[in-house]
Each structure stands twice: as C-alpha cells, then as structure tokens.
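Report on the structure
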Amino acid sequence: MTPYDYMPEGPLQRALNRIDRLNWDLGGIFLWLSNACLLVMLGLTVATIILRPLSLAAYWMWPWTMVFFIWLSFFGFFAMYARLKDVRVDFIAGLFGPIGMAVTRVLSDAATLAVTGVLLWQLPQVIATSRGVYDGAILPAGFELPRLALSIPLFISAALVAITALIDLAKMASGMPENVADHHPES
C-alpha cells in the first residue's frame, strides 16, 4: 500500500496523506537520481574499457566513476527507504498480530531516527574535516570537485529518512496505516 492507495478520513489524515504523497514522490526523484548516477558510472566504465586499449582513456574517468558511485549510494539511501525497498521481516511481527506489527513499526521508526540522528549529529564534524578536493574529479572549469560535495547527498538523504520516520509516527498516531510493499501482486 502506497500513500496513493489510502483514502484519508479527517483533515489531519488528509494533511498527513498529502505530506506522505510528497515524500513518496521525492523518493521517486531520488530513485531517478540514483539511476542517473548508475548510468553515468556505466557510461564512464564502458568508455574506459573501450578507450584504454587505444590509449585514449582520460585520467578523470575513474575518479568521476567513484564520485557517482558514492552519490548513487547516498541518493539511494533515501530512495530505498521512502519507496519501501528496504529489508523487512514482517513475518515475525505478523506472528504477534496487530500488536506485533504496531510494536515493530514504532521500533523501526525509533531505530531509523537514532541512526539518522547520529549521522546528522556528525554533520558539523564532517564539514570541518572535509577539506581539499577529490583528486582527479575535474570540473569543466578545471577545478577539482571539493571533497565536501561527496557528503552532501548523504546528509540530505539522512534528513529525509528521518522526516519519513516522523511522518510514519504521525500517521500511526492518527490511525493511518503503514506504507507497505506489495510483494505478491495479484494477476
């Protein structure tokens, strides 16, 4: 069930559902960003494989492949969480019925907030220590990519994942169902 499958009842639920839909759509944008990073990585890798025997491969291709791999992972962090592609073990919670599902929902959101909280807490230290450039990741103007640019997608994703957990807790408090992935679509 996605936020688009739920019909909210009251004004609070309608507002939460709108926020949840925006979050779902933002997860889709991050999924596209992740896929774009993967496509660029693949293109650079193929170009390197084809051009290296011809002695035409540029030095900057490998560093940029690594930059896009890092960005792919960090954009994917939010995309996977928001679009319900994370690992779940609902069958265990299901053994305890609705109470088990509610408890695991709260525990999952609390764990998510703890992990993203630690990541975001480290933001000032990362900013302070991210000096210099990523060697070889040359920008069109001739400068190399600042090292801090590698971490920006992580902190954006971490903040959005934390917001997603808060949205889910608010939905639970207002009696709305949890977004769940449908692993067995009917024909």
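Residues numbered from 1 in each chain as written. Predicted model: local features only at pLDDT ≥ 70, side-chain atom pairs only at ≥ 80, totals over all residues. Heavy atoms only, no water.

Another point: the overall build of the protein. Counting its regular elements, the protein contains six helices and two strands. In the protein, the succession of α and β elements from N to C terminus is α-α-α-α-α-β-β-α. Taken over C-alpha atoms, the radius of gyration comes to 20 Å for the protein, far larger than the 16 Å a tight globule of 187 residues would show. Here the protein holds 187 residues, and the buried ones make up 33% of them. Surface accessibility of the protein: about 11,500 Å² in total, with carbon and sulfur atoms responsible for 73%. (Helix = DSSP H or I, 4+ residues; strand = E, 2+ residues; numbered from the N terminus. Rg over C-alpha atoms; globule rule 2.2 N^0.38 Å. Buried < 20%, exposed > 50% of the residue type's maximum accessible area, 1.4 Å probe, protein only. Areas by Shrake-Rupley, 256 points an atom, 1.4 Å probe, with all protein chains shown as cover.)

So, about the nonpolar core. Core analysis: the largest hydrophobic core is formed by 23 residues, its most contacted members being W64, V67, F68, W71 and L145. Elements that contribute at least two residues to this core include exactly α1 (11-51), α2 (61-82), β1 (133-138) and α6 (152-173). Here this core gets 11 residues from one element, more than from any other, and that element is α2. Those residues within four positions of F68 in sequence are excluded, and the remaining contacts are C37, V40, M41 and L44. (Core = buried A, V, L, I, M, F, W, Y, C linked by side-chain atoms within 4.5 Å. Contact = heavy atoms within 4.5 Å.)

Of the strand pairs in this sheet, β1 and strand β2 (residues 144-146) are connected by two bridges, and their pairing is antiparallel. Residue pairing across strands places I138 opposite E144, the latter belonging to β2. Between β1 and the antiparallel strand that follows it, β2, lie five residues; G142 among them carries a positive phi value of about 95 degrees. (Pairing = 2+ DSSP bridges.)

Pairs can form between side chains of opposite charge whenever their charged atoms are close. With the rule as written, the count across this model stands at two salt bridges. Close ionic contact of R105 with D168 constitutes a salt bridge, the shortest N to O distance being 2.8 Å. Residue R105 is located in helix α4 (residues 97-121), and its partner D168 is located in helix α6; the two are separated by 63 residues in the primary sequence. D168 matches R105 in its accessibility class, with the two residues each being buried. (Salt bridge = Lys/Arg side-chain N within 4 Å of Asp/Glu carboxyl O.)

Here we come to the packing of α4 against α6. Put simply, α4 and α6 touch, their axes get as near as 9 Å, and they point 155 degrees apart. With respect to their mutual orientation, α4 and α6 come out roughly antiparallel. For the pair α4 and α6, the sense of crossing is left-handed. On α6, the residues that touch A102, R105, V106, D109, T112, L113, T116, L119 and L120 of α4 are L154, F155, A158, A159, V161, A162, A165, L166, D168, L169, K171 and M172. Residue classes in the contact of α4 with α6 are distributed as 15 nonpolar, two polar and four charged. (Axes fitted to C-alpha atoms, helices over the stretch in contact; angles between N-to-C directions. Parallel < 35°, antiparallel > 145°, perpendicular 65-115°, else oblique. Left-handed = near helix turned anticlockwise from the far one by under 90°. Nonpolar A, V, L, I, M, F, W, Y, C, P; charged D, E, K, R; others polar.)

Notably, S55 is not glycine yet its phi reads approximately 60 degrees, a positive angle. Position of S55 among the secondary structure elements: in the loop between α1 and α2. The phi dihedral of L84 falls on the positive side, at around 65 degrees, and the residue is not glycine. With respect to the secondary-structure elements, L84 resides in the loop between α2 and α3 (90-94).

What follows deals with the side chain of T164. By secondary structure assignment, the location of T164 is in helix α6. We classify T164 as buried; its relative accessible area is 11%. When near neighbours in sequence (up to four residues on either side) are disregarded, T164 contacts N23, F78 and Y81.

Right, let's get into α6. Over its 22 residues, α6 runs 32 Å from end to end, which matches the ideal 32 Å to within 8%, given 1.5 Å per residue. G175 occupies a position one or two residues after α6 and carries a positive phi of about 85 degrees. (Expected span 1.5 Å × (residues − 1).)

So yeah, pure geometry; function would need other evidence.
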